[in-house]
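Listed below are the residues making up each chain.
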Amino acid sequence: MLTLASLFLFPQFKTKADDGMWIPLLLKKYTIDDMRKKGFKLTAEDIYSINNASMKDAVMIFGGGCTAELISDRGLIITNHHCGYSSIQAHSSIEHDYLTDGFWAMTDGEELPNPSLSVTFLVRMEDVTAQVLKGIDEKMKESVRAEIIKKNSAEIEKATAENGKYLTEVTPFFYGNQYYLFVQQEFKDVRLVGAPPSAIGKFGGDTDNWMWPRHTGDFSMFRIYVDKNNKPAAYSPENVPYKPKKFFPISLKGVKKDDFTMVLGYPGHTQEYIPSYAIKMITETENPARIAVRQSKIDIIAADMEKDRGVRIQYSSKYAGISNSWKKWIGENRGLARLHSIEKKEAFETDFAKWVSGDKNLLSKYGTLLVEYQDVYKNLSPYALASDYFFEAIWRSEIIQFANRSGGLTNSKDLPKDIEALRKYSEGFFKDYNFETDKKLFRKMIEMYYRGAGKDFQPELMKFVNTLSILEIAENEAFDVFTNHLYQNSIFTDKQRLNSFLDGLTNDNLAQLLADPIYKFYRDFTAFYVSKIRPENDIAETKIDSLNRIYMKAQIEMDTARNLFPDANFTLRVAYGKISDYEPVDGVIYKHYTTLEGILAKDNPEIYDYNVPQRLKELYKAKDYGQYAENGEMHVCFIASNHTTGGNSGSPVINANGELIGVNFDRNWEGTMSDIMYDPSQCRNISLDIRYALFLIEKFAADKRLIDEMLLIK
Ligand code: ARG
Ligand code: GLU
């Protein structure tokens, strides 16, 4: 708590709470003093520098949505098990079940290439607000404004890409009040080095996901390969391990309560500055619908996975994805309710209105903001609901995605080539496809859409429900009949049917594709969404974008005492905080770390998520922890008050000396509302204690060569 007296003592500092995801380029200007006051021993230049090697050179985007970091001078990287999951899975089959058994390359030669995986480093960033907003006049129509910004951004991106050497991107901050250019470098030869068995890397599974106390050994390891000149290159057996500018030394000293910690990584999306109307729509309309749809999917998939080991392998990754957001939304809704977030925002809006009404100039700029927000959310709400149902129940369905993918054939410029590509794609699709499971899902999803999306949002094709009722078929059965018809006749539900269709496909009989019942369903439903749901959504979203930009500007103007951080936008950020326990409910304190003891306490061979591997039990019995124990105990995970979100998975957790102490992988359930409202007393990020990973590598996997290439600080 900042008292009045302390305000006078530090008049030069703006107040700082624990929340925040700061822009690396601006640390020196705004943040580093506070970081150092809280224990950080290094400089802003040590984190972000364009002249010298700095931490940013050791942190990367991993795949589409995670973070990873370099931990050796031979391009070795560590990220989460759940981030490497799809790569590990792609190499897995019933014969080589790396998901279940783990995978460890004992030599460079055994490391496995991953054609669809790449990592991306930030080379530099730059404030380009002035150039991007050149030619903008505040009175312009939004569409004109957007056009100019797009054009200006494209020019900057092109001019700085050095003919394809870099990936460049101009990204809005503070809802378009600022713009930054990101110059990035992509590496495409990234090989799988090691992963513990899922019984460790995913220990606790979806049961423990988003929860503290936690015991997940959520890490996997990869290596970046480059050409002989240490430059990024497509996969080649001739490539060699990357020699980086910077990698993280690893601390074996562990963490104590109140220690300074910092997380560098790529947080994806937060909405800290939205009005009460937005929170109302999210918590009362959108989250409940999404939660319900995913609950149904989870029930269906879980039951089939339980029955069949093949289905478990096929659907484990899909299941984890579905369940992850489902559980987060539940936690988010609870947290927002517990925080009285709507009332808090309303109170803020009352203050805001007062502030505005006290000044003529403010009144003319911001006087109608809140009413406009109220209107637009009122209009948007039914469309947002229909849209959520469309995406969650229809569009995300695997079979619909498959149909969508094959839609490209209809306007193909090179049909034989596209047919081959689809054939290849279908191999992967059918490897992880179970007809019965998918059919049940489809059946349930069309019903959920029908019942949930609203009367005004039913496409023609949903009329089958009424049509069949003429034949005295009950609603419930109508969904069965319809689904059976689609699934028994479509080319997308059967590999052989698909292949023989593709065998006979020429430009002359492409129309057959349009006659396929699933293809037709996909096409008609999508066309309905595009014509009847999306337009109103887009209109409202454009309006909201513009209101957000103005409201954000106003909030910055109003809140002169606080240094506001821009919402996450999947650009590199620095969050800092401290190792910290918390009180989830009155009278209970959750400690800041967990140990191997807790894994054994959860052990239950009957339950998939808690089946501790024999070898781990033996190591535990022998207390064979090597140099990685603390007072005879093996620490597994710890929590701290760093403000993180999705995308921060795999992020390095750094101590005051810039050494790696952990790998971020989750948040606590009580704190998942931090994407919308942060509560310092409840919000914690969950990290893997790096010593547990090292112990597993050395003792469990016996892959000592990996330990030998790291720099351990004892
Ligand atoms: N909750 C973490 C995150 O948001 C981990 C997700 C992966 N694990 C899982 N059991 N689904 O990504
Ligand atoms: N597990 C999340 C991820 O994959 C990070 C946890 C969070 O959302 O904070 O990015």
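Residues numbered from 1 in each chain as written. Chains lettered and ligands numbered in written order. Predicted model: local features only at pLDDT ≥ 70, side-chain atom pairs only at ≥ 80, totals over all residues. Heavy atoms only, no water.

Draft legend 1. A look at the site of ligand 1. Every residue close to ligand 1 is listed here: H82, K202, G205, D206, N209, W210, A320, N324, S649, F665 and D666. Contacts to ligand 1 include A320, whose backbone N or O atom sits 3.4 Å from a nitrogen atom. Take N324: an N or O atom from its side chain is 2.8 Å from a nitrogen atom of ligand 1. For ligand 1, the protein covers 89% of the area, taking 340 Å² as the surface of the free molecule. Of all the secondary-structure elements, those providing two or more residues to the shell around ligand 1 are α9 (205-208), α11 (309-338) and β18 (660-667). Looking at the shell around ligand 1 residue by residue, the class counts come to three nonpolar, five polar and three charged. (Near = heavy atom within 4 Å. Polar contact = N/O pair within 3.5 Å; in protein donor to acceptor, adjacent residues only side chain to side chain. Areas by Shrake-Rupley, 256 points an atom, 1.4 Å probe, with all protein chains shown as cover. Helix = DSSP H or I, 4+ residues; strand = E, 2+ residues; numbered from the N terminus. Nonpolar A, V, L, I, M, F, W, Y, C, P; charged D, E, K, R; others polar.)

Draft legend 2. Fine view of the state of the cysteines. Scanning all chains against the criterion turns up one disulfide. The disulfide bridge from C66 ends at C83, spanning 2.1 Å between sulfur atoms. On the sign convention where negative means left-handed, the S-S torsion of about -75° between C66 and C83 marks this disulfide as left-handed. Within this pair, whereas C66 is found in strand β2 (residues 66-70), its partner C83 is found in helix α4 (residues 81-90), the two being separated by 17 residues in sequence. Just so you know, C637 is unpaired, no disulfide at all, and the nearest cysteine sulfur is the one on C83, 14 Å from it. Left without a disulfide partner, C683 is nearest to the cysteine sulfur of C637, which lies 18 Å away. (Disulfide = S-S within 2.5 Å.)

Draft legend 3. Broad picture of the nonpolar core. In this structure, M221, M262 and Y692 are the most contacted members of the largest nonpolar core, which totals 106 residues. Broken down by element, the residue count for this core peaks at eight residues, all from helix α25 (residues 690-700). Excluding anything up to four places from it in sequence, M262 contacts M35, F40, I47, M55, V574, A575, Y576, N642, P652, V653 and I654. Formed by 67 residues, the second largest nonpolar core is a distinct cluster that contains F402, Y433, M448 and F464. (Core = buried A, V, L, I, M, F, W, Y, C linked by side-chain atoms within 4.5 Å. Buried < 20%, exposed > 50% of the residue type's maximum accessible area, 1.4 Å probe, protein only. Contact = heavy atoms within 4.5 Å.)

Draft legend 4. Examining helix α14 (residues 369-395) more closely. Here α14 spans only 34 Å end to end across 27 residues, well under the 39 Å set by a 1.5 Å rise per residue. A bend of about 40° at S381 is the largest found in α14, and the proline P382 appears one to four places after it. (Expected span 1.5 Å × (residues − 1). Bend = angle between axes of the 7 residues up to and from the residue.)

Draft legend 5. Representation of the site of ligand 2 within the structure. Taken together, H82, W210, T644, T645, G646, G647, N648, S649, F665, D666 and R667 make up the full set of residues near ligand 2. Here an oxygen atom of ligand 2 and a side-chain polar atom of R667 are 2.6 Å apart. Out of a free accessible area of 290 Å², ligand 2 has 92% covered by protein chains. It is β18 that provides the largest number of residues to the shell around ligand 2, a total of three residues. Its residues assigned to classes, the shell around ligand 2 shows two nonpolar, seven polar and two charged.

Nothing here speaks to function; it is geometry throughout.
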